[in-house]
Amino acid sequence: HAQLEAELAELEGPKRKEVVQAIATARAHGDLSENFEYHAAKNEQGLLEARIAKLRERLRTAVVV
């Protein structure tokens, strides 16, 4: 339980900020339709948010024995 909470805190804090910064940097490069860095950063954000949702659900329904 503690490991899951620690991972969730890491993902919601520093990791999320890194992804947001990567998106902002890629967006600054201009045309988004052909910007690989932007699409890769958005994909990373999607994976990160999915993992966060999975961890939240797991912690919400967890029963510590």
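What comes next is a walk through the structure. All of these numbers come straight from a predicted model, not from anything done at the bench. (Residues numbered from 1 in each chain as written. Predicted model: local features only at pLDDT ≥ 70, side-chain atom pairs only at ≥ 80, totals over all residues. Heavy atoms only, no water.)

Points about the nonpolar core
Grouped together as the largest cluster of nonpolar side chains are eleven residues: Leu8, Leu11, Val19, Ile23, Ala26, Tyr38, Ala41, Leu48, Ile52, Leu55 and Leu59. Examining the composition of this core, we find that six residues originate from one element, helix 2 (residues 36–61), more than from any other. Ignoring sequence-local partners within four residues, the contact set of Leu55 consists of Leu4, Glu7, Leu8 and Leu11. (Core = buried A, V, L, I, M, F, W, Y, C linked by side-chain atoms within 4.5 Å. Buried < 20%, exposed > 50% of the residue type's maximum accessible area, 1.4 Å probe, protein only. Helix = DSSP H or I, 4+ residues; strand = E, 2+ residues; numbered from the N terminus. Contact = heavy atoms within 4.5 Å.)

Comments concerning the side chain of Asn35
Within the secondary structure layout, Asn35 lies in the loop between helix 1 (2–27) and helix 2. Within the local environment of Asn35, its side chain forms a polar contact with the backbone nitrogen of Tyr38, the two atoms lying 3.1 Å apart. In contact with Asn35, other than residues within four places in its own chain, are Ala26, His29 and Gly30. (Polar contact = N/O pair within 3.5 Å; in protein donor to acceptor, adjacent residues only side chain to side chain.)

Side note on the pattern of salt bridges
Using the criterion set out here, one finds four salt bridges in the structure. For Arg51, the salt bridge is made with Glu7, and the minimal N-O distance between the two is 3.0 Å. Of this pair, Arg51 sits in helix 2 while Glu7 sits in helix 1, and the two are 44 residues apart along the sequence. Using a relative accessible area of 27% as the deciding quantity, one classes Arg51 as partly exposed. Given a relative accessible area of 28%, Glu7 falls into the partly exposed group. Residue Glu49 is joined to Arg16 by a salt bridge in which the shortest nitrogen-to-oxygen separation is 2.9 Å. Within this pair, whereas Glu49 is found in helix 2, its partner Arg16 is found in helix 1, the two being separated by 33 residues in sequence. By relative accessible area, Glu49 is classed as partly exposed at 31%. For Arg16, a relative accessible area of 26% puts it in the partly exposed group. (Salt bridge = Lys/Arg side-chain N within 4 Å of Asp/Glu carboxyl O.)

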